[in-house]
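Results of the structural survey
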Amino acid sequence: MKRRPQSDDRQSIPFSGSLLENPVKTGLVLSGGGSRAAYQVGALRALLPFFSRKEQSFSIVIGSSIGAINGLVTSSCLKHGLDETVQQLESMWLERNFRNTFSGTPSQAFFRAIRMAVMQYLSPGPNPTSSAIFDPTPLMNRVDGVIDAHGGLTPEARAPSLEAVGVMTTIEGAERKPLLFLSSHKTYGPDVLEGASFEVCYVSSLSAKHGFASAALPSVLPPVELDTEAGKVRLVDGGISQNIPVDPAVRLGADRVLVIDVSGRDWWLNHYGEAHDTRPSWEVPAALKTFCMRPPETFVSRCKKPIGPLLKEAVGSSRGKFMAAVGPVWPVFSLLKKKLGEELAYEAMTYVALDPDYIQALIERGYDETRALLKDRSNVEFKRTEDYDQWVQAL
């Protein structure tokens, strides 16, 4: 039987069109990766010299899973400059702990975490369920507060250069399907979406609820119901469909794309000696007639080193601090430690831990690694510019 292609198996078609005839449009793509998304804040800080003026901004922002949350905050703050965006993201992440991020009592979440650990042990993967360990209402309110304070996310309220903001989600049902919520200045024709693996739902504005529809990892966060043209749909984690949605960014007009990938997938595959195109059984496969669009210019910032040591250094010396950092999911850590060993157990907890010292370490790692990539010309595929050369010399 012929294997159905996965997302990375799709035919890669370079974006056509001259960069000299039209203004270069930059797309920002933010992956999912739980609390590791704080790494994206440091990476964006490293990119500040490229966007030192307000008119130098992103044209398209697409996020998946927790990257969608960072994408919405970024999109709402961009009209005040990328430095303001980074400050808002950094403030939001450094104040994170379980009590101001999730509702409910720790004891209730503790028992749900035990049940989830048992279920994951018996049947690994984000299996469909209405049960969830956490209720993220406090964080949703915090995100909406940032968006509202910066004028909202309607096309008219955003930075003038920001043409489109998208959130990748997954429709939960008998068959999971990818759905992109899109707020744009225009409606895109069928030629733009020809061969796309996802459907588009246009909305006038985006809110934290759309972001958490993308971050709703089954068993961990509850599914989110939202209205679409086809009626009300139940949505779960966008990472189940496309965790790094470069293709939508290119289809919407990005000539170059900045990708900040905090999934850690490459590290896990390398650790187990598996090919990088390996896909878990629960990930939504791409249909046979779909294909990916690729931009002519791409820069990828990816956390290649293990993050577990950062977490262990930040909280591992204190049992109390560690338990506060991982909250009610510490039974999962104990189970993983017995099954996989301490190193991998810590690595798994990097996706859920919330601790100021750990978050600060993630931000610094994102800054340092992205700055190193930018300084190393062999890793930068952007066209050489006078501004770039001057900044490299300044480094």
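It should be noted that the structure appears before, not after, this text.
The rules behind these values
- Residues numbered from 1 in each chain as written.
- Predicted model: local features only at pLDDT ≥ 70, side-chain atom pairs only at ≥ 80, totals over all residues.
- Heavy atoms only, no water.
- Axes fitted to C-alpha atoms, helices over the stretch in contact; angles between N-to-C directions.
- Helix = DSSP H or I, 4+ residues; strand = E, 2+ residues; numbered from the N terminus.
- Left-handed = near helix turned anticlockwise from the far one by under 90°.
- Contact = heavy atoms within 4.5 Å.
- Nonpolar A, V, L, I, M, F, W, Y, C, P; charged D, E, K, R; others polar.
- Buried < 20%, exposed > 50% of the residue type's maximum accessible area, 1.4 Å probe, protein only.
- Pairing = 2+ DSSP bridges.
- Expected span 1.5 Å × (residues − 1).
- Arc of directions from axis to C-beta.
- Phe/Tyr/Trp six-rings, centres within 6.5 Å; stacked < 30°, edge-to-face > 60°.
- Lys NZ or Arg CZ within 6 Å of the ring centre and 35° of its normal.
- Core = buried A, V, L, I, M, F, W, Y, C linked by side-chain atoms within 4.5 Å.
- Salt bridge = Lys/Arg side-chain N within 4 Å of Asp/Glu carboxyl O.

1. Regarding the packing of helix H13 (residues 330–340) against helix H14 (residues 342–349)
- Taken N-terminus to C-terminus, the directions of H13 and H14 make an angle of 145°; their axes are 7 Å apart at the nearest point. Seen from above, H13 lies across H14 with right-handed handedness. Counted together, Val 332, Phe 333, Leu 336, Lys 337 and Leu 340 of H13 and Glu 342, Leu 344, Ala 345, Tyr 346, Ala 348 and Met 349 of H14 form the full contact between these two elements.
- Here the contact of H13 with H14 is built from residues that sort into 9 nonpolar, no polar and 2 charged.

2. Focus: the pairing of strand E2 (residues 26–30)
- Of all the 5 residues making up E2, 5 are buried; the element is thus mostly covered by neighbouring parts of the structure.
- Of the two faces of E2, the one lined by Thr 26, Leu 28 and Leu 30 and the one lined by Gly 27 and Val 29 are each fully buried.
- Examined bridge by bridge, E2 and strand E9 (residues 256–261) share 5 bridges and lie parallel to one another. Bridging from a neighbouring strand, Thr 26 pairs with Arg 256 of E9.

3. With respect to helix H15 (residues 356–375)
- Taking 1.5 Å of rise per residue, 20 residues should cover 28 Å, and H15 covers 28 Å from first to last C-alpha, within 8% of that figure.
- Considered for burial, the residues of H15 that qualify are Tyr 358, Ile 359, Ala 361, Leu 362, Ile 363, Arg 365, Gly 366, Glu 369, Thr 370, Leu 373 and Leu 374.

4. Details of the environment of Met 168
- Note on placement: Met 168 falls in strand E4 (residues 164–171).
- Assessed through its relative accessible area of 0%, Met 168 is described here as buried.
- In this structure the C-alpha to C-alpha distance between Met 168 and Gln 242, which are 74 residues apart in sequence, comes to 7.1 Å.
- Each residue touching Met 168, except ones within four places of it in the same chain, is listed here: Gly 63, Ser 64, Ser 65, Pro 178, Leu 179, Leu 180, Phe 198, Ser 214, Gly 238, Gln 242, Pro 245 and Pro 248.

5. Brief notes about helix H12 (residues 319–326)
- Here H12 has its buried residues at Phe 322, Ala 325 and Val 326. Down the axis of H12, the smallest arc covering the buried residues is 85°, so these residues share one side.
- For H12, the elements touching its buried residues are helix H4 (98–101), helix H11 (308–315), H13 and H14.
- Looking one or two residues beyond H12, the residue adopting positive phi is Gly 327, at roughly 60°.

6. Things to note about the pairing of E9
- In terms of burial, E9 is a largely internal element, 5 of the 6 residues being buried.
- By the bridge criterion, 6 bridges tie E9 to strand E11 (residues 297–302) in an arrangement that is parallel. From the neighbouring strand, Ile 260 faces E11, where its bridge partner is Ser 301.

7. Things to note about the packing of aromatic side chains
- Considering all chains together, one arrives at 6 aromatic pairs under this definition.
- Plain terms: the ring middles of Phe 51 and Phe 58 are 4.7 Å apart, the flat faces sit at 45° to each other, and that makes the pair tilted. Phe 58 matches Phe 51 in its accessibility class, with the two residues each being buried.
- On the basis of an interplanar angle of 90° and a centroid distance of 5.2 Å, the ring pair of Trp 267 and Trp 268 is categorised as edge-to-face.
- Taken together, the aromatic side chains of Phe 322, Phe 333 and Tyr 346 make up a single cluster linked through ring pairs.
- One cation-aromatic arrangement involves Arg 36 over Tyr 351; the distance from NZ or CZ to the ring centre is 4.5 Å.

8. A word on the nonpolar core
- Grouped together as the largest cluster of nonpolar side chains are 84 residues, with contacts concentrated most on Phe 58, Phe 181 and Tyr 358.
- For this core, the leading source of residues is H15, giving 7 residues.
- Discounting residues that sit within four places of it in the chain, Phe 181 has contacts with Val 165, Gly 166, Val 167, Thr 169, Cys 201, Val 203, Leu 206, His 210, Leu 226, Asp 227, Thr 228 and Leu 235.
- Of all hydrophobic cores here, the second largest spans 20 residues; its members include Ile 60, Leu 182, Ala 196 and Phe 198.

9. Focus on the pattern of salt bridges
- This model, assessed by the stated rule, comprises 15 salt bridges.
- One salt bridge in this structure joins Lys 312 and Glu 342, with 2.6 Å as the shortest N-O distance. Of this pair, Lys 312 sits in helix H11 while Glu 342 is found in helix H14, placing the two residues 30 residues apart along the sequence.
- Among the ionic pairs, Lys 321 bridges to Asp 357, the shortest N-O distance being 2.3 Å. In this pair, Lys 321 sits in helix H12 while Asp 357 sits in helix H15, placing the two residues 36 residues apart along the sequence.
- Residue Lys 321 is classed as partly exposed on the basis of its relative accessible area of 27%.
- Sharing partners across several salt bridges, the network here consists of Glu 95, Arg 96 and Arg 142.

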